[in-house]
Amino acid sequence: MEDEECPDLVPIDAGGAEETEPSPSRKIPVTIITGYLGAGKTTLLNYILTEQHKKRIAVILNEFGEGSALEKSLAISQGGELYEEWLELRNGCLCCSVKDSGVKAIENLMQRRGKFDYILLETTGLADPGAVASMFWVDSELGSDIYLDGIVSVVDAKHGLQHLTEEKPEGLVNEAARQVALADLVIINKTDLVSGEELNKVRTSVRSINGLVKILETQRSRVDLSNVLDLHAFDSLSGISLQKKLEYVKTTHAHLDKGIITVTFEVPGNIKEENLNLFIQNLLWEKNLKDKTGRPMDVIRLKGLVSIQGKSHQVIVQGVHELYDLEETAVAWKENEKRTNRLVLIGRNLEKETIKEVFIATVREKQGNS
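All of these numbers come straight from a predicted model, not from anything done at the bench.

Caption draft 1: Spotlight on the overall build of the protein. Regarding its fold elements, the protein presents 11 helices and 15 strands. Buried residues in the protein amount to 55% of all 370 residues. Residue pairs in contact within the protein that sit at least 24 positions apart in sequence constitute 79% of those at least 6 positions apart. Of the roughly 16700 Å² of accessible surface on the protein, 48% is carried by carbon and sulfur atoms.

Shown next, in the form of structure tokens:
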């Protein structure tokens, strides 16, 4: 397996696409597709690119295996004719020197093909999608053209449980579990190859890692594209759906001692933005929070809705690894509504009560001085 192989860029006009140009001001959503080798990512991309969905999609591929890129390329149908067009990236894989090659690939794409409706980015089997996601989420130069729409993780129903529960040496994260932890949508694929009981175990394992994630179950990676695209997982448009979702999220328990879990808690009242920043920075940057055995709490994904003093609308909190952002949503607090702060954290060594106590202490301690 050649981990160093570069991704190739495949610009496509999906068959039957309408020739209408999107407005120049419209941002293009980027969806990251991740998953272990053999889970069905390439099958999913093939399906997406050959379905008649009237969407113009560009795909950045990360392929493995023998042979040249051309031999492994996806055959794309355009007006009934098969064609292939490649833009090769010169700098390392997307999982390595992702910033330069990823940005250049998309800049080339925008210039060469005009604006696309969607960009799909496939990561390597072992890649940390968080590193790739943060490039699109935070890069200000790219920010004017594109936005991160969501992370999709494909899990193999037959071998997924084995990957998700595999114990790693101390200090190393389970890559399959991390992909699920970061995902906004998990596609459990090849469900026809397992029994109902086996499928339920995979489902339970996924849910124990990520209590927020939406789960789709498929065979041969065939999905309704409306469930994969336009997720709005990282912007304020997700405010209303997130509000409903957060109400049902439960704190989970790890299948393994060092496993990834979801922790959620709610604290009523208004908080100051600077206090919230202090809490998040202690948690994500300084890693000051430790569990009972002294291990630092490792947050992979953070999501929440909070009530900031002086703001009439709910504020969405987003975090991936050390990066985080606060954005006001379109959801206004009602006049007699009880204002509250609800956070969901996904990661390792997380202890709900400790995190909640530190959150309250940080917020209350500083408020006394104001």
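So, next bit.
Caption draft 2: Examining the pairing of strand β9 (residues 185–189) more closely. With five of its five residues buried, β9 lies for the most part within the structure. Neither face of β9 is open: one carries L185, I187 and N189, the other V186 and I188, and all of them are buried.

Caption draft 3: Highlighting the confidence of the model for the protein. Across the protein, the average pLDDT comes to 75, with 69% of residues at 70 or higher. Segment residues 12–22: pLDDT under 50, and 30 contacts once partners within four positions in sequence are set aside and those in other chains are kept. Predicted confidence for residues 63–101 stays below pLDDT 50, and this span has 100 contacts to residues more than four positions away or in other chains.

Caption draft 4: A look at the sheet that holds strand β14 (residues 323–332). Pairing is antiparallel in the open sheet, where five strands are placed in the order β11-β15-β12-β13-β14. The sheet is open, and its two edges are formed by β11 (260–268) and β14, each paired on a single side. Each strand of the sheet is rotated relative to its neighbour by a mean of 15°, with strand direction disregarded. Of the pairings in the sheet, the one linking β11 to strand β15 (residues 340–348) comprises nine bridges and is antiparallel in character. Paired with I261 across the bridge in β15 is G347. Contacts from helix α7 (residues 175–182) reach β11, β12 (298–306), β13 (313–320) and β15 within the one sheet, and its direction differs from that of β12 by about 10°. Where helix α8 (residues 196–209) meets the sheet, its contacts fall on β11 and β15, and the angle it forms with β11 comes to roughly 50°.

Caption draft 5: Looking closely at the environment of V228. Within the element layout of this structure, V228 appears in the loop between β10 (214–217) and α9 (239–248). Separated by 79 residues in sequence, V228 and D149 have C-alpha atoms that sit 9.7 Å apart. In this structure V228 touches T31, V152, L185, I187 and V223, once residues within four positions along its chain are discounted.

Caption draft 6: Here's a closer look at the environment of T218. Along the chain, T218 falls in the loop between β10 and α9. Leave out the neighbours within four places in its chain, and T218 touches I187, I188, N189, K190, T191 and V223.

Caption draft 7: View of the side chain of H163. Relative to the helices and strands, H163 is located in helix α6 (residues 160–164). Each residue touching H163, except ones within four places of it in the same chain, is listed here: Y36, N174 and A176.

Caption draft 8: Inspection of helix α10 (residues 273–286) at higher detail. Here α10 is 14 residues long and its end C-alpha atoms lie 18 Å apart, about the 20 Å a rise of 1.5 Å per residue gives. Remark: the principal bend of α10, roughly 25°, maps to I280. Along α10, the positions that sit buried rather than exposed are N275, L276, F279, I280, L283 and L284. Positive phi shows up at K287, right after α10, with a value of about 50°.

Criteria and cut-off values
Per chain, the residues get numbers from 1 upward, laid out in the order the sequence is written. Given that the model is predicted, a residue must reach a pLDDT of at least 70 before its local features are reported, and side-chain atom pairs must reach 80 or more before they are shown or counted; all residues, however, enter totals for whole chains, interfaces and linings. Excluding hydrogens and water, the side-chain figures rest on all heavy atoms present in the structure. Secondary structure elements follow DSSP: runs of H or I of four or more residues count as helices, runs of E of two or more count as strands, with numbering from the N terminus. Only protein chains enter the area calculation, which uses a 1.4 Å probe; residues under 20% of their type maximum are buried, those over 50% are exposed, and those in between are partly exposed. Whether two residues touch is decided by their heavy atoms; if any such pair falls within 4.5 Å, the residues are in contact. We get accessible surface area from the Shrake-Rupley algorithm with a probe of 1.4 Å; when it comes to residues, only the shown protein chains can shield them. Confidence scores labelled pLDDT are given residue by residue by the predictor and lie between 0 and 100. Criterion used throughout: strands pair if DSSP finds at least two bridges between them. Simply put, an axis is a line fit to the C-alpha atoms, just over the touching stretch for a helix, and the angle between two N-to-C directions goes from 0 to 180 degrees. By this rule, a helix spans an expected 1.5 Å times one less than how many residues it contains. Bend is the name given here to the angle between axes fitted to two runs of seven residues, the run ending at a residue and the run starting at it.

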